[in-house]
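Coordinate analysis (summary)
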Amino acid sequence: MVEKILEVNPVAINDKNEEKKNVILLAVENRQPEVYELLVKRKFQKESVFRAVDNKGNSALHLAAMLSNYQPWHIPGAALEMQWEMKWYKYVKNSMPPDLFSHHNESEFTPKEIFTEAHSDLVKRGGKWLNSTSTSCSLVSTLIATIAFATSATVPGSFNEKNGEPNFAHQSAFNLFAVSSLIALCFSVTSLVLFLAILTSRHQEDDFHEDLPRKLLFGLTALFISIAAMLVSFCAGHFFVLKDELKRAVICLPISFFAKVQFPLYFDILRASFRKVPQRKDFMVK
């Protein structure tokens, strides 16, 4: 609709409401990424459009720094909401003239000061959400690492007394068992280290932009790889010692359910990490 209006009446870009807000300010204030992207791509004169301020002296960057009660971002978890708030703020900042970065409104606040004050509670809730998620995932990583270590140290079929080699060393199932056990051990330890890094992080607002979500994404990736490798290891081991490995195989069942439950979160983090601009709920529904 905005595109059609500007095609028919280009001067409508300069129209303002009673609060002296033009379409740029309204698009930023109401978190309309698609509209704002359209306006940025049309390359209007930044002197007259992107430098506009409302009746309180707020520029578009001031409005991007504010946190409204309605959050249109289609993302679960306070940490990911904070990430998309950071993405939105930085996206608007990159499209603004540099001299507006330190512009003060009538209350003598810069955009950065407003962002820090408005998002302080969201930063705290995001930190708690990350700690809770990392704690539960680290417990699963520890369990997998323990099982994988015990499995990798157990050779199916014992050893040959003459040459000391495993009796099933030349069978493909044995090689699959050995390699998958090693992969499960390595990736479970890797995921554990990443989750511990999140737990010991300072949880500053800038960390939510890329650092913390990326650690969570890589940690979940390593965790899912270790789960898959552990299942492959147990399946390969069942060719030799079904009875000895049966108890451990039963443990795989709840761990597999855990992976299934965490997959939606994994894809949400993946989508949020690789999108340059946040996406609204109503836009995704359409």
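Refer to the structure above for everything that follows.
Residues numbered from 1 in each chain as written. Predicted model: local features only at pLDDT ≥ 70, side-chain atom pairs only at ≥ 80, totals over all residues. Heavy atoms only, no water.

**Details of unusual backbone geometry**
- For Arg-31, which is not a glycine, the phi torsion comes out positive at approximately 55°.
- The phi torsion at Glu-108 lies on the positive side, around 65°, for a residue other than glycine.
- Summarising the element assignment, Glu-108 is placed in the loop between helix H5 (78-94) and helix H6 (111-118). (Helix = DSSP H or I, 4+ residues; strand = E, 2+ residues; numbered from the N terminus.)

**As for H5**
- Taking 1.5 Å of rise per residue, the 17 residues of H5 would be expected to cover 24 Å, and the 24 Å separating its terminal C-alpha atoms lies within 8% of that figure.
- Buried residues dominate H5, accounting for 13 of its 17 residues. (Expected span 1.5 Å × (residues − 1). Buried < 20%, exposed > 50% of the residue type's maximum accessible area, 1.4 Å probe, protein only.)

**Focus on the pattern of salt bridges**
- For the coordinates displayed, the defined rule picks out nine salt bridges.
- One continuous salt-bridge network, built from bridges that share partners, spans Glu-19, Lys-21 and Glu-29. (Salt bridge = Lys/Arg side-chain N within 4 Å of Asp/Glu carboxyl O.)

**Concerning helix H3 (residues 33-41)**
- When H3 is considered as a whole, its buried residues turn out to be Pro-33, Val-35, Tyr-36 and Leu-39. In a view along the axis of H3, the buried residues occupy a sector of 160°, so they form one face of it. (Arc of directions from axis to C-beta.)

**Topic: the packing of H3 against H5**
- At a minimum axis separation of 12 Å, H3 and H5 run at an interaxial angle of 15°. One way to sum up the angle between H3 and H5 is to call them roughly parallel. Pair H3 / H5 crosses with left-handed handedness. Packed against H3, whose contacting residues are Pro-33, Tyr-36 and Glu-37, the element H5 presents Trp-88, Tyr-91 and Val-92 at the interface.
- Here the contact of H3 with H5 is composed, by residue class, of five nonpolar, no polar and one charged. (Axes fitted to C-alpha atoms, helices over the stretch in contact; angles between N-to-C directions. Parallel < 35°, antiparallel > 145°, perpendicular 65-115°, else oblique. Left-handed = near helix turned anticlockwise from the far one by under 90°. Contact = heavy atoms within 4.5 Å. Nonpolar A, V, L, I, M, F, W, Y, C, P; charged D, E, K, R; others polar.)

**Structural notes on the environment of His-62**
- Its place among the elements puts His-62 in helix H4 (residues 60-65).
- Once the C-alpha coordinates of His-62 and Phe-101 are considered, the two residues, 39 residues apart in sequence, prove to be 9.1 Å apart.
- Ignoring sequence-local partners within four residues, the contact set of His-62 consists of Gly-57, His-103, His-104, Asn-105, Phe-109, Thr-110, Pro-111 and Ile-114.
- A distance of 3.1 Å separates a polar atom in the side chain of His-62 from the backbone oxygen of His-103. (Polar contact = N/O pair within 3.5 Å; in protein donor to acceptor, adjacent residues only side chain to side chain.)

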